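Tertiary structure, described
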Amino acid sequence: MMASLKYKGICKHYDNNMIAVKSFDLEVNDHEFLVLVGPSGCGKSTMLRMTAGLEKISEGELYIGDRRVNDVPAKERDIAMVFQSYALYPQMSVYDNMAFGLSLRKTPQKEIDKRVNEVAQILDIAHLLKRKPKTLSGGQRQRVALGRAIVREPQVFLMDEPLSNIDAQLRVQMRAEISKLQRKLGVTTIYVTHDQTEALTMGDRIVVMRHGMIQQVASPIELYQSPANLFVAGFIGSPMMNLLEGELSEQNGELYFQHQSFRMEIPRQNAAYIIRESVVNRKVILGIRPENIQVYLQPEQDTIVGNIELVENLGSEMYLYLRGISDRPLVARVTQNVAFSMGTSVNIAFTPESFHLFDQETEKNLLL
Ligand code: ADP
């Protein structure tokens with residue numbers, strides 16, 4: 001009943017010569033929860049709408065299962081879509097909203113009743129079935145919208161920023177609920193969001209897009225640990241990865257990253273690779289995640305001096321904004337129970353094993 005999807009060289013140009021998607025190639029596995037993420041305007045919704053059949057595919061081929069669907073109308077694609085706006089019918093009850101799609105398909109009333117009640121149980125909205133949408137909270141409305149998609153038992157779910165109209169706390173809860181539900185139902189799902197946290201927490205795999213092009217397709221952990229390029233490195237992770245411009249140099253068989261204010265040895269394992277690939281003397285960008293920066297009050301071996309410009313205390317951890325090393329402040333995430341305060345001079349160390357290195361020109365990750 002469920003399905004895989006295959007995108008082969010999909011392109012979309014709009015009438016105004018706007019190229020929204022460029023040669024999109026991807027296979028989505030049966031049962032998979034795939035997230036499309038990227039900044040506004042990168043082509044996510046366009047991809048989803050082409051998949052649903054709401055937008056024509058300009059070039060390339062789309063398969064659902066082994067059926068080519070380029071010319072199959074939306075209502076025959078066996079896809080259910082959930083929008084950010086919920087798009088519920090205001091004059092209908094929750095029950096009728098959920099039943100509507102099934103009635104249109106001439107599903108027998110008994111079967112409709114069974115499915116609506118089952119799904120309402122799963123979503124914990126059984127007590128709301130007689131109500132009208134306007135009497136519901138945002139979270140309840142979103143559940144109804146999900147319920148309406150689920151009762152149809154489609155081959156594929158498409159979700160376009162379904163949580164962006166919900167307040168922060170409920171959003172975290174709904175995020176977990178949708179993930180659990182998708183795993184339970186096992187329906188292949190493509191989920192669009194601009195929020196990298198949502199992508200990391202929900203997706204089996206994540207597709208990072210920019211300017212209509214795929215930047216990387218990977219599991220959340222792989223994206224975080226091995227971003228393919230500078231854009232992915234900066235986009236995934238919060239606070240953002242620190243990026244420092246500098247040059248590589250070699251001395252006595254050791255490799256160094258030379259920054260305007262310090263020199264740092266590149267661990268031997270990475271160095272060997274870089275020397276082999278002859279990228280020595282290239283202009284590079286060193287990437288270091290906030291949790292890989294250590295901050296001490298006393299000088300330690302190989303520490304560099306900085307100054308705390310700002311402290312953001314989140315209770316379980318602190319973000320320290322450090323001046324004096326680079327043009328922009330470095331952000332360190334520390335969990336030590338030390339009373340760091342603004343204006344304090346501190347000693348900073350990096351975990352070299354966690355370095356990321358990007359070519360300044362190509363922006364590619366040099367260590368992959
Ligand atoms: P996202 O969902 O990632 O924010 P979209 O897929 O909505 O991005 O848009 C991708 C690009 O295509 C944007 O530059 C947008 O302005 C453009 N675009 C979207 N829809 C249309 C349209 N109907 N006509 C012309 N250009 C469009």
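What counts and what doesn't
Counting from 1, residues in each chain are numbered in the order their sequence is written. Only residues with pLDDT of at least 70 are given local features in this predicted model, and only at 80 or more are side-chain atom pairs given and counted; all residues enter the totals for whole chains, interfaces and linings. Side-chain measures were taken over the full set of non-hydrogen atoms in the model, leaving aside hydrogen atoms and water. We count a stretch as a helix when DSSP gives it H or I for four or more residues in a row; a strand needs E for two or more, and each element gets its number in order from the N terminus. Relative accessibility under 20% of the residue-type maximum defines a buried residue, over 50% an exposed one, and the middle range a partly exposed one, all with a 1.4 Å probe and only protein chains included. The criterion used for residue contact is that any of the two residues' heavy atoms lie within 4.5 Å. Residue count minus one, scaled by 1.5 Å, sets the expected span of a helix. DSSP calls a pair of strands paired once it identifies at least 2 bridges connecting them. Consider each residue's heavy atoms; a residue with any of them within 4 Å of a molecule or strand counts as near. Polar contact is the term for a pair of N or O atoms within 3.5 Å; when the atoms are in protein, one must be able to donate a hydrogen and the other to accept it, and sequence-neighboring residues count only if both atoms are side-chain atoms. In this description, accessible areas are obtained by the Shrake-Rupley approach with a 1.4 Å probe, and a residue is regarded as covered only by the protein chains that are shown. Polar here means any residue other than Ala, Val, Leu, Ile, Met, Phe, Trp, Tyr, Cys and Pro, which are nonpolar, and Asp, Glu, Lys and Arg, which are charged; Gly is therefore polar. Site definitions follow a grid-based scheme: protein atoms alone, a 1 Å grid, a 1.4 Å probe that fits but cannot get out for cavities, and for pockets an open set with protein on both sides within 12 Å along at least five of seven lines, plus lining residues having an atom within 4 Å of a point. Grid points are joined across faces, edges and corners, and a volume is the space filled by probe spheres set on the points.

The protein chain is annotated in an unreviewed UniProt entry as Oligosaccharides import ATP-binding protein MsmX from Sporomusa silvacetica DSM 10669.

1. Things to note about the overall build of the protein chain
A count of helices and strands for the protein chain gives nine helices and 20 strands. With respect to the principal axes defined by its C-alpha atoms, the protein chain has extents near 80 × 45 × 35 Å. Within the span of the protein chain, comprising 368 residues, buried residues form 49% of the whole. If you take every contact in the protein chain between residues at least 6 apart in sequence, the share linking residues at least 24 apart comes to 67%.

2. Quick look at helix α4 (residues 138–151)
Taking 1.5 Å of rise per residue, the 14 residues of α4 would be expected to cover 20 Å, and the 20 Å separating its terminal C-alpha atoms lies within 8% of that figure. For α4, a buried count of eleven out of 14 residues is recorded, marking the element as mostly surrounded by other parts of the structure. Those residues of α4 that fall on the buried side of the exposure criterion are G139, Q142, R143, V144, A145, L146, G147, R148, A149, I150 and V151. Of the surrounding secondary structure, the elements contacted by the buried residues of α4 are β6 (79–82), α2 (94–104), α3 (109–123), β7 (156–160) and α5 (168–185). Just downstream of α4 lies E153, where phi reads positive at about 45 degrees.

3. A closer look at the pairing of β6
Side chains of β6 alternate between two faces, with I79 and M81 and A80 and V82 buried alike. Pairing geometry for β6 and β7, over four bridges, is parallel. Looking across to β7, one finds that A80 is bridged to F157.

4. Brief notes about the site of the ligand
The environment of the ligand is made up of 13 residues, and the closest members are G41, G43, K44, S45 and T46. For the ligand, an oxygen atom lies 2.7 Å from a polar atom in the backbone of G41. Note that an oxygen atom of the ligand is positioned 3.0 Å from one of the side-chain N or O atoms of K44. Protein burial of the ligand: of its 560 Å² of free accessible surface, 65% is covered by the chains. Of all the elements, helix α1 (residues 44–52) adds the most residues to the shell around the ligand, at four residues. Here the residues of the shell around the ligand sort into five nonpolar, six polar and two charged.

5. Re the layout of surface pockets
Roughly 500 Å³ of volume is contained in the largest pocket. Taken together, 17 residues make up the lining of the largest pocket; nearest its centre are I79, A80, M81, R105 and R152. Elements supplying a minimum of two residues to the lining of the largest pocket: β6, α2 and α4. Of the residues assigned to the lining of the largest pocket, the class counts are twelve nonpolar, one polar and four charged. Each pocket or cavity is described by its volume, and for the second largest pocket that value is around 360 Å³. Along its surface, the second largest pocket is lined by 15 residues, and N242, L243, L244, S326 and R328 are the ones closest to its centre. Listed by contribution, the elements that provide at least two residues to the lining of the second largest pocket are β11 (242–251) and β18 (330–334). Of all the elements, β11 adds the most residues to the lining of the second largest pocket, at four residues. Looking at side-chain class alone, the lining of the second largest pocket contains eight nonpolar, four polar and three charged residues.

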